[in-house]
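# Coordinate analysis (summary)
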Amino acid sequence: MRRYSYFPGCSLHSTAREFDESLRAVAGVLGLELREVPEWACCGATPAHALDPEAAAVLGLWNLDHAARSGSEPVLTGCASCFSRLRAVREEIDAHPERLKGARERLDLKQDPRVEVLHIAQLLADEEIGAMLSAGIQRSLAGLKVACYYGCLLTRPRGEGAVDDTENPQILEGIVRRIGAEPIDWPLRLDCCGASMALPRPDLVRELSGRLLVMAHERGAQVMMVACPLCHSNLDFKQNQILKERGHSFRIPILYLTQLVGLALGLPERTLGLHRHFIPVPPIEELIARGEASRV
């Protein structure tokens, strides 16, 4: 059994509970042992490093140190923002250890924080775990067209340990194919949804997220798959308003990566938290049938 120090982050314990629920459920089916990082704190997410780089480093060091206290297992997270921030601090430890020495001393951190940081997508794309995933398929997703949406942060920072190529990632599409669904080809999969501008510039978020939803729909997507709680919030919670303003009647369910994988593994919809979405998620068989009917 593979073991991981699990870092859920703030969103997965609150507004993105369904991401946490589905990630844990999928991990259980695949035989992965998750041990939540003790006394974890916010990673700093998108604003901290822009406002106070030292504070962002301190937050990252705290979490990596507490993960290391549990052993040498890699740190696993589902949130793209948490993954990006923890990886950035992990790389800074190697590149500029002198910058972080003072912060470690102030926090009285004793452990070596140079632990591996992984995103759940990397595990699902791993050859051994991917084979277990393929063997565990219980529900056919054949015919389901999926828009894989990476957003801004999943492939950052670049370099060793990155989820995939920054300019042309394929890891999410590979996972979708493995579970029997069909990823669509669309040009906006790396574009920003508006991110944390939802409060200061809601008009900007509606514009950017609207472009994503319309393009995915035009390319034939029946669902959009994400790996970021903030992306999910903008595309799911605000979707009715966004599309109504644009004069569209269609709606497209926004699923987390682990929810779609969980459906393929035969896990119940409620276990995966699908009932928590603002845009209803119809039975997958119904979505597939709609797509087939539209092609007749």
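Report follows, based on the coordinates. (Residues numbered from 1 in each chain as written. Predicted model: local features only at pLDDT ≥ 70, side-chain atom pairs only at ≥ 80, totals over all residues. Heavy atoms only, no water.)

## Focus: the packing of helix H4 (residues 53-68) against helix H5 (residues 80-95)
Taken N-terminus to C-terminus, the directions of H4 and H5 make an angle of 90 degrees; their axes are 9 Å apart at the nearest point. Considering their axes alone, H4 and H5 lie roughly perpendicular with respect to each other. Two secondary-structure elements touch here, H4 through Ala56, Ala57, Gly60, Leu61, Asn63 and Leu64 and H5 through Arg85, Leu86, Val89, Arg90 and Ile93. (Axes fitted to C-alpha atoms, helices over the stretch in contact; angles between N-to-C directions. Helix = DSSP H or I, 4+ residues; strand = E, 2+ residues; numbered from the N terminus. Parallel < 35°, antiparallel > 145°, perpendicular 65-115°, else oblique. Contact = heavy atoms within 4.5 Å.)

## Remarks on the pairing of strand E5 (residues 145-148)
Covered by surrounding structure in E5 are Lys145 and Ala147 together with Val146 and Cys148, the residues of both alternating faces. Bridging between E5 and strand E6 (residues 182-183) involves two bridges; their strand directions are parallel. Residue pairing for E6: lysine 145 is matched across the bridge by glutamate 182. Crossover handedness for the path E5 to helix H9 (residues 171-178) to E6: right-handed. With three bridges joining them, E5 and strand E7 (residues 223-226) adopt parallel strand pairing. Across the sheet, the residue bridging to alanine 147 is methionine 224, located in E7. (Buried < 20%, exposed > 50% of the residue type's maximum accessible area, 1.4 Å probe, protein only. Pairing = 2+ DSSP bridges. Right-handed = clockwise from strand over helix to strand, strands pointing away.)

## As for the sheet that holds strand E3 (residues 75-77)
The strand order across the open sheet built from four strands is E2-E1-E3-E4, with neighbouring strands paired in parallel fashion. Every interior strand has two partners, whereas the edge strands, strand E2 (32-36) and strand E4 (117-119), have only one. Across the sheet, the mean angle from the axis of one strand to that of its neighbour is 40 degrees, orientation sign disregarded. Pairing geometry for E3 and E4, over three bridges, is parallel. Bridged to leucine 76 within E4 is leucine 118.

## Things to note about the sheet that holds E7
Ordered in space as E6-E5-E7-E8, the four strands form an open sheet in which the pairing is parallel. Whereas interior strands pair on both sides, the edge strands pair on one side only; in this sheet they are E6 and strand E8 (254-256). Set on the sheet, helix H13 (residues 257-264) makes contact with E5, E7 and E8; between it and E8 the angle comes to about 80 degrees.

## Some remarks on the pattern of salt bridges
A complete count under the given rule lists 21 salt bridges for this structure. A salt bridge links glutamate 73 to arginine 35; its shortest N-O distance comes to 2.3 Å. On the criterion of sequence distance, the pair formed by glutamate 73 in the loop between H4 and E3 and arginine 35 in strand E2 is long-range, its members being 38 residues apart. Using a relative accessible area of 30% as the deciding quantity, one classes arginine 35 as partly exposed. A salt bridge links arginine 189 to glutamate 173, with the nearest nitrogen and oxygen atoms 2.9 Å apart. In this pair, arginine 189 sits in the loop between E6 and helix H10 (202-218) while glutamate 173 sits in helix H9, placing the two residues 16 residues apart along the sequence. With respect to burial, arginine 189 and glutamate 173 carry one shared label: buried. (Salt bridge = Lys/Arg side-chain N within 4 Å of Asp/Glu carboxyl O.)

## Some words on helix H11 (residues 229-237)
Those residues of H11 lying buried are Pro229, Cys231, His232, Asn234, Leu235 and Asp236. Close packing links the buried residues of H11 with helix H1 (9-12), helix H2 (17-29), H10, E7, helix H12 (239-245) and E8.

## Observations concerning the side chain of glutamine 222
Secondary-structure assignment places glutamine 222 in the loop between H10 and E7. Among the polar contacts made by the side chain of glutamine 222, one reaches the main-chain carbonyl oxygen of leucine 287 at a distance of 2.7 Å. Dropping the residues within four chain positions of it, glutamine 222 is found in contact with Gly143, Leu144, Lys145, Ile252, Pro253, Leu287, Ile288 and Gly291. (Polar contact = N/O pair within 3.5 Å; in protein donor to acceptor, adjacent residues only side chain to side chain.)

## Brief notes about the environment of alanine 88
Here alanine 88 lies in helix H5. For alanine 88, a relative accessible area of 22% puts it in the partly exposed group.

## Quick notes on H4
Between its first and last C-alpha atoms H4 spans 22 Å; for 16 residues at 1.5 Å apiece the expected length is 22 Å, and the two agree. The complete set of buried residues in H4 reads Ala56, Ala57, Gly60, Leu61, Asn63, Leu64, Asp65, His66, Ala67 and Ala68. (Expected span 1.5 Å × (residues − 1).)

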